[in-house]
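Listed here are the chains, written in short residue letters.
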Amino acid sequence: MKKLTSLALVLTFIVSLFTPHAYAAKETAYTKAKVTASSLNVRSKPDLKSKVIGKAKKNETVLIASEMGKWSKIIVKKGTGWVYSQYLKKETTPTHKVGYITAKAVNVRKKATTSSAVSMTLNTGDKVTILQTTSSWTKIQKGSKVGWVSNRYVSNKAPTKKPAKKEYAYVKVSDYLTLRAKPSTRSKSLAKLKSGVKLTVLSTSGKWKYVEVNGKKGWVAASYLSAKKPGKKTTPKPKPKPETIIVYVGSGTLNLRDTASTAGHVVSKLKVGDPLTVSKEKDGWLYVTTKSGECGWVSKRYVLNTPPKTDEVKSLATKTGYVTVNDLNVRSNAGTSYKVVTQVNQADKVTVYSSKNGWLHIKTPKGIKGWVNKHYISYLKIPKDDGGQHLPSNFSHLKGKTIMIDPGHGGHDSGAVGYKSVVYEKDLALSTSIILARKLRAAGAKVLMTRSSDVFIELAERPQMSNRAHVDAFVAVHYNSGPSAGHGLETYYQQGSKYRNMASYIQSGIVKYTGLTNRGIGPNNLQVLRTNTRPCVLVELGFVSNPKEVSIIKTATYQQKAAAGIAVGLNKYFK
Ligand SMILES: [Zn+2]
């Protein structure tokens, strides 16, 4: 549009420079009029003495080219002629048409010629009243002002609502903003937009804005938009990082829905491999946020904890890993169909070179290279022994007891993320649980684990495993997070249950052997305890969010002490 306008201006300039008068004459507007006299003389000049060149009949329509004094110049077959103006009745348009300006900075002139003075300037979308139209010019009225604009820049069609300059806004909400089909809160939801998402504002209607985001158009409440990108709050205390759980679309396309049901409206189609951030889970559905900021529900069945398989080998910076299980097969290539070249055992230290299809290329302590499933490798040290001589080893009351250890989180659910991401709760929980399991087995207990590798297990499934195995005790192992100053140990039992004493013994044990702050025990209504019909507790073995505490709890020495404390508590409980 801008280019066209400048081109028009250049042309106008050239025309005005060389042929101003000819151009002006051509552009003169004609006004229709009716002859009121029974027979009207048309003369060669505006003078009664001039020659009569023709006659106009009553009610004949003539075109007035110009006026001079009492005379009107009208168009006749052979050119122009002059008649007495008083015998003409000018036609007025009974109802004025509405027009819209179609370009930016359109000049409205006093006369229908580009050499005429500009009386005002109008812009795209300005609504005007069309008073008269000639072959090239339109006489318009805007407010009390009347003038002429080139026909090129006026249309009787309302312009499509497009702002001249793109207007952007950012979503500013605490959770999400709903993009709707119509400007009403009762209207259909098209998408959920996260705070900070950038929108293109197309138009405004009352308290609503019509916006475009990721190719989708809809309405949002204007009060939740900000012209500036919402900045990060400057708080003196660093907030603990939110738990980030990433999953990947596993199949060709996956529907993102507005409710946790296949009956939910599809707000978007997700492509295979798209990463999704999970914020909650409900009945087999995950509430996720896409890379572009769209929120909604996806069926858990169709997502993967790792990006979908590609045959690409990813080179990793050589890392040290620890095997989490015994008798782990090391294969000649990345898959269970390949030949077993050797085996590794729990706590074996391996060198990790690369990854492919969820497998890791490793070197065993004996120097043999091969591939293992990545879930069985922890990057957190798993010690060979259960702790030094200073830790208790006599747990006579544990003999013959069936104890289930439940390392919290796992797989895509990393749990709390440590200060500066040094460690994940899921890894700490697993390594501590492995040490605890060894200790309990050494004391003659039968130990079951809800997981012994880095895999995701449904929260609801864990207490069911406990119930099915009819265990004598169930211990959920977790690490805490909160404000950076938060520190210490907690043990929870199910509200209203009779296992307060079990929580109390375990809390005393872990406080005694680790030396960390005693935050006490408490009843809690946690899913893993609530639906668990067996004696059960949940321990929180320190704060990963505390920079000082995380440096202690990530060590094998600390985890050995914590495991000893739990074992002491269980032993006392079974006494
Ligand atoms: Zn946890």
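Look up a bit, the structure's there.
Here, residues in each chain are numbered from 1, in the same order as that chain's written sequence. Two thresholds apply to this predicted model, a pLDDT of at least 70 for residue-level local features and 80 or more for giving and counting side-chain atom pairs, whereas whole-chain, interface and lining totals are computed over all residues. Each side-chain value is derived from all of the structure's non-hydrogen atoms; neither hydrogens nor water enter the calculation.

Chemist: Can you break down the coordination of the zinc ion residue by residue, with the values?
Modeler: With water excluded from the atoms, a metal site may look incomplete; its donors are any N, O or S atoms within 2.8 Å, or within 3.2 Å for Na, K and Ca. On the protein side, the zinc ion has His409 (NE2), Glu425 (OE) and His478 (ND1) as donor atoms, found 2.0 to 2.1 Å from it. Linear spacing of the donor residues for the zinc ion on their chain is H-x15-E-x52-H. With a gap of 69 residues between them, His409 in the loop between β36 (402-407) and α3 (425-442) and His478 in strand β38 (residues 473-480) connect regions that are remote in the sequence. We call a residue buried when its accessible area falls under 20% of the maximum for its residue type, exposed when it is over 50%, and partly exposed in between, using a 1.4 Å probe and counting protein chains only. Take His409: its relative accessible area is 14%, and that puts it in the buried class. Judged by its relative accessible area of 12%, His478 falls in the buried class. Helix and strand definitions here come from DSSP, where helices need a minimum of 4 consecutive H or I residues and strands a minimum of 2 consecutive E residues; each element is numbered from the N-terminal end.

Chemist: Now, about the pattern of salt bridges: what can you tell me, with residues and values included?
Modeler: Here the idea is simple: oppositely charged side chains can pair when their charged atoms come close. Salt bridges are defined by distance alone: a side-chain nitrogen of Lys or Arg within 4 Å of a carboxyl oxygen of Asp or Glu. Scanning all chains against the criterion turns up 10 salt bridges. Here Arg462 and Asp406 are joined by a salt bridge, their closest N and O atoms 2.9 Å apart. Here Asp406 lies in strand β36 and Arg462 lies in helix α4 (residues 461-469), a separation of 56 residues in the sequence. The class of Arg462 is buried, set by a relative accessible area of 2%. The class of Asp406 is buried, set by a relative accessible area of 1%. Measuring nitrogen to oxygen at the nearest pair gives 2.7 Å for the salt bridge that ties Glu490 to Arg519. Separated by 29 residues along the polypeptide, Glu490 in strand β39 (residues 489-494) and Arg519 in strand β40 (residues 518-524) bring together distant segments of the chain. Linked through salt bridges whose partners overlap, the residues forming this network are Glu281, Lys300 and Glu458.

Chemist: Got a sec to walk through the sheet that holds strand β37 (residues 446-449)? Specific residues and values, please.
Modeler: Between any two strands, pairing holds if DSSP finds at least two bridges. Spatially, 6 strands are ordered β37-β36-β38-β41-β39-β40 in an open sheet, and the strand pairing comes out mixed. In this open sheet, the two strands that pair with only one neighbour each are β37 and β40. Taken over all neighbouring pairs, the strand axes of this sheet differ in orientation by 20 degrees on average, direction set aside. Across the face of the sheet, α4 comes into contact with β36, β37 and β38 while running at roughly 170 degrees to β36. Angular values range over 0 to 180 degrees, each being the angle between N-to-C directions of two axes fitted as lines to C-alpha atoms, with helices fitted over their stretch in contact. The criterion used for residue contact is that any of the two residues' heavy atoms lie within 4.5 Å.

Chemist: Tell me about the packing of aromatic side chains, and please be specific about residues and values.
Modeler: Classification of ring pairs uses Phe, Tyr and Trp, with its six-membered ring standing for Trp, and accepts pairs whose centres are within 6.5 Å; under 30 degrees between planes counts as stacked, over 60 as edge-to-face, and the remaining range as tilted. Inspection of the entire model under this criterion finds 6 aromatic pairs. For the pair Trp71 and Tyr84, a centre-to-centre distance of 4.8 Å together with 20 degrees between the ring planes defines the contact as stacked. Here Trp71 is found in strand β5 (residues 71-76), whereas its partner Tyr84 is found in strand β6 (residues 79-84), with 13 residues between them in sequence. Residue class for Tyr84 comes out partly exposed when judged on its relative accessible area of 23%. Arranged with centres 5.0 Å apart and planes meeting at 45 degrees, the rings of Tyr210 and Trp219 form a pair that is tilted. Residue classification places Tyr210 among the partly exposed positions, given a relative accessible area of 26%. Here the aromatic cluster, defined as three or more aromatic residues joined through ring pairs, consists of Trp71, Tyr84 and Tyr87. Directly above the aromatic system of Tyr353 lies the positively charged group of Lys369, at a separation of 4.8 Å from the ring centroid. By definition here, charges over rings are those cases where NZ of Lys or CZ of Arg is within 6 Å of the ring centre and within 35 degrees of the ring normal. Sitting over the ring of Tyr424, Lys426 keeps its end group 5.9 Å from the ring centre.

Chemist: I'd love a proper account of the side chain of Ser466, names of residues and values included.
Modeler: Mapped onto the elements of the fold, Ser466 is located in helix α4. Take Ser466: its relative accessible area is 0%, and that puts it in the buried class. Aside from chain neighbours lying at most four places away, what touches Ser466 is Met404, Val471, Phe474, Asn532 and Arg534.

Chemist: Which residues make up the environment of Val544, and what are the values?
Modeler: Its place among the elements puts Val544 in the loop between β41 (536-543) and α7 (547-553). Taking the C-alpha atoms as reference points, Val544 and Ser481, 63 residues apart in sequence, are found 5.6 Å from one another. Those residues within four positions of Val544 in sequence are excluded, and the remaining contacts are Ala416, Val417, Gly418, Tyr419, Val423, Leu428, Tyr479, Asn480, Ser481, Val550 and Ile553.

Chemist: Tell me about α3, residues and numbers included.
Modeler: Across its 18 residues, α3 extends 26 Å between first and last C-alpha, which sits within 8% of the 26 Å expected from 1.5 Å per residue. The element α3 is largely enclosed, with a buried count of 16 among its 18 residues. Where α3 ends, the next residue or the one after it, Gly444, has phi of about 95 degrees, a positive value. Helix span, as expected, comes to 1.5 Å for every residue beyond the first.

Chemist: Got a sec to walk through the nonpolar core? Specific residues and values, please.
Modeler: Joining through side-chain atoms within 4.5 Å is the link that ties buried Ala, Val, Leu, Ile, Met, Phe, Trp, Tyr and Cys residues into a set, and such a set is a nonpolar core. Counting 42 residues, the largest nonpolar core has Leu398, Leu440, Val475, Met502, Leu541, Ile566 and Leu570 as the members making the most contacts within it. Those elements that place two or more of their residues in this core are β36, α3, β38, β39, α5 (500-514), β41, α7 and α8 (556-573). Among the elements that take part in this core, α8 stands out by supplying 7 residues, more than any other. Core analysis: the next-biggest nonpolar cluster, separate from the first, contains 15 residues, Ala169, Val171, Val213 and Leu225 among them.

Chemist: Please give an account of the pairing of strand β18 (residues 198-205) that cites residues and values.
Modeler: Where strand β15 (residues 167-171) meets β18, 4 bridges bridge the pair, whose relative direction is antiparallel. Across the sheet, the residue bridging to Glu167 is Val201, located in β18. Where β18 meets strand β19 (residues 208-213), 5 bridges bridge the pair, whose relative direction is antiparallel. What sits directly across from Ser205, in β19, is Trp208. Between β18 and the antiparallel strand that follows it, β19, lie 2 residues; Gly206 among them carries a positive phi value of about 60 degrees.

Chemist: Tell me about the side chain of Lys209, and please be specific about residues and values.
Modeler: Note that Lys209 resides in strand β19. Relative accessible area serves as the criterion here: at 18%, Lys209 is assigned to the buried category. Counting of polar contacts relies on pairs of N or O atoms within 3.5 Å, with two restrictions inside protein: one atom must be capable of donating a hydrogen and the other of accepting it, and residues adjacent in sequence are counted only when both atoms are side-chain atoms. A distance of 3.2 Å separates the side chain of Lys209 from the side chain of Thr204, its partner in a polar contact. Non-local contacts of Lys209, meaning those with residues more than four positions away in its chain, are made with Glu167, Val201, Ser203, Thr204, Gly218, Trp219, Val220, Ala222 and Leu225.

Remember that the coordinates give geometry; whether it matters functionally is a separate question.
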